[in-house]
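Here are the chains, one letter per residue:
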Amino acid sequence: MTTEIYLDSNATSVVLPAAIAAATDAMGQRYGNPSSTHATGLKAKSILDQTRACAVRLLGVGDGRLMFNSGATEGIHTAVLSALVSLRERRAAGEAIGSLLVYGATEHKAVPESLAHWNRLLGLNLTLHKLPVDHDGAHSLPALREVAPQAAMVCTMAANNETGVISDLDGIAAALEGSKALWLVDCVQALGKLKLDLSSTRIDYAPFSGHKLYAPKGVGMLYVRAGAPFTPLITGGGQEGGLRSGTENMAGIAALGAVLSALERGDTFRGTAELCGFRARLADSLRAALPGVVFNNPFDKALPTTLNFAVPGLSSRELMDVFDAAEVRVSAGSACSSSKAAPSYVLDAMGLPLWRSAGAIRMSFGPLADEATIAAACERIARCGAALRASCLIPSERGAAPHDGLLQLGVEGACSWMVLDAASRSCIVIDPLPDHTARIESYVRCQNYQVQAIVSTLPNAGRDMLIEALGRHFNRHADADEYGWPRHAASIVLGNGAGASAIQLGEQVLACVPCGGGDELRAYLLGAPQEGRLPAAAVRFAFSARPALQVLGAVSAGHTLLCPTRDEHNQFCTIAEPLATLAADAQLDSGALDAFLQAHPDACLVDVREPYEFAATVAPAWAGRAALSVPLGRLAEYASAWLHAEQTPLVFFCRSGNRSLKAAQCLRRLGHRQAYSLNGGLALAGAAPAPLPLPLAA
Ligand code: PLP
């Protein structure tokens, strides 16, 4: 049974059961080619005719043309090609056509890309002109009035896909009065949500995509006003009255027909008032779960089915991940790469600050949404809020349970390390990066730690910002040196007999080792001392900015984990003589997991997602197996324990298999022979194992 809650309907929607039935019928019973004149063909043709007739009534096509195609991108290209071919002909005939191809700043990329493409291919050399939008995302009508006389074509959307903001089509039409510009309105997000009566407007072209409203992907429609110029994008067998050749996608058209007739009957989809109620409930849940949440779209000017929001201090990646773990499918308001989300150009155009644009999440549902789904979504949102609070990502009244051991922050490129002692609630920060200031500060405050020292491996590294942010949570040493190291720390004898200065942290000490040779570099060693000595074998971790193996070799052991403060290749930690790993050896296919677990009852499932993802996970166990939460930032700590204990199989998993592969490879390099990554991650494996209570590392 799926526990997924799909709230990404502006990207695509589930397919209406009646549409699936219609598609099945079109493939099974009425499989003919609608161009054939025999009875089998005629049966198929009736699907085409009925769907078109329904669309014509519903959209107010009047005496205009309506053709089926593969979707809005094709429709946009057909419209732009048609307009630009006609403009070129008119210009060649000596007519003034204007110089601008105007498009709204928040249009879907298909629009400016198509304009640029055909402008170039047709050699028109017109100027693409981005029409600004106001703070609410509405097209600027004064700006449009200004450019209307020079506009050859104007492209605007009926409703925006990221924000749901509804365009003032009457206002745009009024601003275009007197202009000869051809007008395209992208109606993709409007279908089924806004009343359309196309032939009563001056709109020349209106593209649609079926999959935004419960039809399958790969089917769409294009409306062309009677008398508007038209050039086919695809010629051939003359289907669609010669407007769009190629044998029709009958399954798609039949499915679209089922959706359109449901829309026309008015008995399937919910009305605006109910949808507004659903949006209000989701918004209230978000406000309660995520303090400080701001909505990026004005509800009174947007479709009721779209929410777009950002949360101070949280990236869209983090929000996406926690929602995904809770099996609530939403999308980042912007295209996001592996770690950093690019700001959304739609929100940028609305003048929103960078944090809101780069941190945006879009939650969208369709008019088929029901009470139970919205109620379940609200519960999951609360669950996500609790998971983020427990992980110190958002403020919480109750202090979170303290972590113990080592924590690596910033797993890509440079990194900072924190050594935590839960018993004494004290910690040391090593090589803090300015980018991590807020994270370290909220982590320390939330778990009520006292920072004993902030030390660096190079002199004069900036610490002031973090010290200021930590306030009373930092123990100031008036006599700290240029590495942040207390000058009067106790001394300890290292494995090579040399004395070193050391800070006590619970049972362990952090000892400072100058790397010598006039080098300014320092390394730090962490381990449990034995009678005033820190023998090489007791050194669990060594921190350094660069591998200083010669120096470390004398004071640490082969199993000491070297923790770099640069980690471009996501190695997390290494040893003096790492083993080569082959990615394939470390991969376990999800289909083979059950058998693997049966064959290895002692295997440990390790979830390397972030703690908030782990905490938000709702799915039941994998054959009753519990999983241990070890986010990548904690891998070094756990690796040290796993390598010392008797080796049992470790099966790392994450959402997609990327993070877990890095973890498995790290363990293999360190000498663990039975570390595996679940290929394809939870996304392919189905349900996640039940979380284990968080144990502390040995
Ligand atoms: N226009 C808008 C507003 C959209 O939201 C989309 C799809 O996201 C498109 C155009 C392109 O539609 P398709 O990918 O179905 O061709």
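Computed from a prediction, not measured in an experiment: that's the story for all the values here. One numbering rule holds for all chains: residues counted from 1, following each sequence as written. Two thresholds apply to this predicted model, a pLDDT of at least 70 for residue-level local features and 80 or more for giving and counting side-chain atom pairs, whereas whole-chain, interface and lining totals are computed over all residues. Each side-chain value is derived from all of the structure's non-hydrogen atoms; neither hydrogens nor water enter the calculation.

Looking now at the nonpolar core. Counting residues in hydrophobic clusters, the biggest one holds 58 residues, and the most contacted among them are Leu-59, Leu-144, Phe-208, Met-221 and Leu-260. To qualify as a helix, a DSSP run of H or I must reach at least 4 residues; to qualify as a strand, a run of E must reach at least 2; elements of each kind are numbered from the N terminus. When residues of this core are assigned to their parent elements, the largest contribution, 11 residues, is made by helix H7 (residues 250–265). The contacts of Leu-59, once residues within four sequence positions are left out, are Leu-66, Leu-191, Leu-196, Asp-197, Leu-198, Phe-208 and Met-221. Grouped together as the second largest cluster of nonpolar side chains are 44 residues, Ile-428, Val-608, Tyr-638 and Ala-664 included. To define a nonpolar core, start from buried Ala, Val, Leu, Ile, Met, Phe, Trp, Tyr and Cys residues and group those joined through side-chain atoms within 4.5 Å. Think of it in three bands: with a 1.4 Å probe and only protein chains considered, a residue is buried below 20% of the maximum accessible area for its type, exposed above 50%, and partly exposed in between. By the convention used here, residues are in contact when the closest approach between their heavy atoms is within 4.5 Å.

What follows is about the side chain of Gln-189. As for its placement among the helices and strands, Gln-189 is situated in the loop between strand E6 (182–186) and strand E7 (205–209). Within 3.5 Å is the distance limit for a polar contact, defined as a pair of N or O atoms, with the added protein rule that one can donate a hydrogen and the other accept it, and that residues adjacent in sequence qualify only through two side-chain atoms. Engagement of the side chain of Gln-189 in a polar contact is seen with the backbone oxygen of Asn-10, the distance being 3.1 Å. Those residues in contact with Gln-189 that lie beyond four places of it in its chain are Asn-10, Ala-159, Asn-160, Asn-161, Lys-212 and Leu-303.

Before going further, it helps to examine the site of the ligand. Lining the immediate environment of the ligand, one finds Ala-72, Thr-73, His-108, Met-157, Asn-161, Asp-186, Val-188, Gln-189, Ser-209, His-211 and Lys-212. Contact between the ligand and Thr-73: an oxygen atom at 2.6 Å from a side-chain N or O atom of the residue. Ser-209 places a polar side-chain atom, nitrogen or oxygen, 2.6 Å from an oxygen atom of the ligand. All accessible-area figures derive from a Shrake-Rupley calculation using a 1.4 Å probe, and residue coverage is judged against the displayed protein chains alone. Summarising the interface, the protein chains cover 84% of the accessible area of the ligand, which totals 390 Å² for the free molecule. Under the convention adopted here, Pro, Cys and the residues Ala, Val, Leu, Ile, Met, Phe, Trp and Tyr are nonpolar, Asp, Glu, Lys and Arg are charged, and Gly plus all remaining residues are polar. Among the residues forming the shell around the ligand, the class breakdown is three nonpolar, six polar and two charged. We define proximity as follows: a residue is near a molecule or strand when any one of its heavy atoms falls within 4 Å of that partner.

Domain boundaries shown here were taken from an automatic or database domain assignment. Assigned domains within the chain: domain 1 (17–265), domain 2 (271–390), domain 3 (405–567) and domain 4 (584–691). Computed from C-alpha atoms alone, the centre-to-centre distance between domain 1 and domain 2 is 29 Å. Buried area, as used here, totals the accessible surface that two parts lose on assembly, with accessibility defined by a 1.4 Å probe and the loss added over both. Buried surface at the junction of domain 1 and domain 2, summed over both partners, amounts to about 1900 Å²; 59% is from carbon and sulfur atoms. Salt bridge, as applied in this entry: a Lys or Arg side-chain nitrogen positioned within 4 Å of an Asp or Glu carboxyl oxygen. Viewed at the interface, domain 2 and domain 1 are joined by one salt bridge.

With that settled, consider the sheet that holds strand E13 (residues 361–364). Strands sit in the order E9-E10-E13-E12 across an open sheet of four strands; the sheet is antiparallel. Both edges of this open sheet fall to strand E9 (294–295) and strand E12 (331–332), since each of them pairs with a single strand only. Any two strands with at least two DSSP-identified bridges between them are counted as paired. As defined by bridge partners, strand E10 (residues 306–310) adjoins E13 across four bridges and the pair is classed as antiparallel. Within E13, the residue paired with Leu-307 across the bridge is Met-363. Interaxial angle, 0 to 180 degrees, is taken between N-to-C directions of lines fitted to C-alpha atoms, where a helix line uses only the stretch in contact. Together, E9, E10 and E13 form the strand contacts of helix H8 (residues 272–289), whose direction differs from that of E10 by roughly 15°.

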